[in-house]
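Take a look at the letters that make up each chain.
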Amino acid sequence: MANHYRTVQEVSSLSGVSVRTLHHYHKIGLLLPTEMTAAGYRLYDNAALQRLQNILLFRELQFPLREIKSILDNPDFDTKEALAQQIHLLELQRSHIEELIAFARTVQKEGVNHMDFTAFGKTEFSQYAQEVRERWGSTSAYQEYQQKTQHSTPQEQEKTGQQLLFLLASLGTLRHLSPTEHTVQEKVAELQGFITEHYYTCTNEILGSLGQMYLADRRMRDNIDRAGGDGTAEFASRAIAAYVK
């Protein structure tokens, strides 16, 4: 048994996850022990550790625990496919962090008076927001966006753009489900709420138009698919279409 099972303390030491957190995961059904001894000790096998790895990767990508549980409990969940999607998102994060590190090193070398803000510039994805504004011109949504962002720094706008991309890419992890599935529709509702909070009031009509744009705009589609895996943009568009009905 010692070769196949680990106690909660051993899992904590191996993973860096606190015992308290592992107990919480057990309580909410996110990570169940493989066995419970007569004395009440939790024991975990390799399959449980693999699930824990998935949990931690999704947590690094800012997925809520309830959503992680729904994803991992789905009978059609594909570990290999999910890992590929997670890698896409992590690579996106790494690219942005590497740019910031290079910028910080340049400042360190040349002094704090070095003025170069390219590391904080908008990514290609976040530029889509600008394209949307240009298409809408002087609409109330555009005016609302101007009001909400007039005091935002370039860094804050960049972070918001990254978060929007992560939300869209996270739909890619659910594309094995029907677009009308409750979990998928919750994610679309989260996307709509995020746009409303950070950009403009995202009515169902506006959200439906955005969903069509995610698929029709080739650059936008390619970037969403690159972040969430092939087919993510199409799935997001279908899920949004189902939501706005």
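Now for a look at the structure at hand. (Residues numbered from 1 in each chain as written. Predicted model: local features only at pLDDT ≥ 70, side-chain atom pairs only at ≥ 80, totals over all residues. Heavy atoms only, no water.)

Looking at the overall build of the protein
For step 1, the next point in the chain: Within the protein one finds 12 helices and three strands.
For step 2, the next point in the chain: Residues classed as buried in the protein amount to 40% of the 245 residues present.
For step 3, the next point in the chain: In the protein, 64% of the contacts between residues at least 6 apart in sequence involve partners at least 24 apart.
For step 4, the next point in the chain: Total accessible area on the protein stands at roughly 13900 Å², and carbon and sulfur atoms take up 50% of it. (Helix = DSSP H or I, 4+ residues; strand = E, 2+ residues; numbered from the N terminus. Buried < 20%, exposed > 50% of the residue type's maximum accessible area, 1.4 Å probe, protein only. Contact = heavy atoms within 4.5 Å. Areas by Shrake-Rupley, 256 points an atom, 1.4 Å probe, with all protein chains shown as cover.)

Brief notes about the sheet that holds strand 1 (residues 6-7)
For step 1, the next point in the chain: As summarised here, the arrangement of the three strands in space is 1-3-2, forming an open sheet in which the pairing is antiparallel. The open sheet terminates on both sides in strands that have one partner only, identified here as strand 1 and strand 2 (35-36).
For step 2, the next point in the chain: In the sheet, strand 2 pairs with strand 3 (residues 42-44) via two bridges, with the strands oriented antiparallel. Paired with methionine 36 across the two strands is arginine 42, which belongs to strand 3. (Pairing = 2+ DSSP bridges.)

Let's talk about the nonpolar core
For step 1, the next point in the chain: Grouped together as the largest cluster of nonpolar side chains are 52 residues, with contacts concentrated most on Leu22, Leu31, Phe58, Leu191, Ile195, Leu210 and Tyr214.
For step 2, the next point in the chain: Of the residues forming this core, the biggest block, seven residues, is contributed by helix 8 (residues 154-171).
For step 3, the next point in the chain: Setting aside its immediate chain neighbours within four residues, phenylalanine 58 contacts Phe63, Ile68, Ile71, Leu72, Phe77, Ala82, Gln86 and Thr173. (Core = buried A, V, L, I, M, F, W, Y, C linked by side-chain atoms within 4.5 Å.)

Details of the packing of aromatic side chains
For step 1, the next point in the chain: Counted under the stated rule, the structure contains one aromatic pair.
For step 2, the next point in the chain: Seen in terms of ring centroids, tyrosine 199 and tyrosine 200 are 6.2 Å apart; in terms of plane orientation they differ by 50°. Their pairing is tilted. As far as burial versus exposure is concerned, tyrosine 199 and tyrosine 200 are alike and both buried. (Phe/Tyr/Trp six-rings, centres within 6.5 Å; stacked < 30°, edge-to-face > 60°.)

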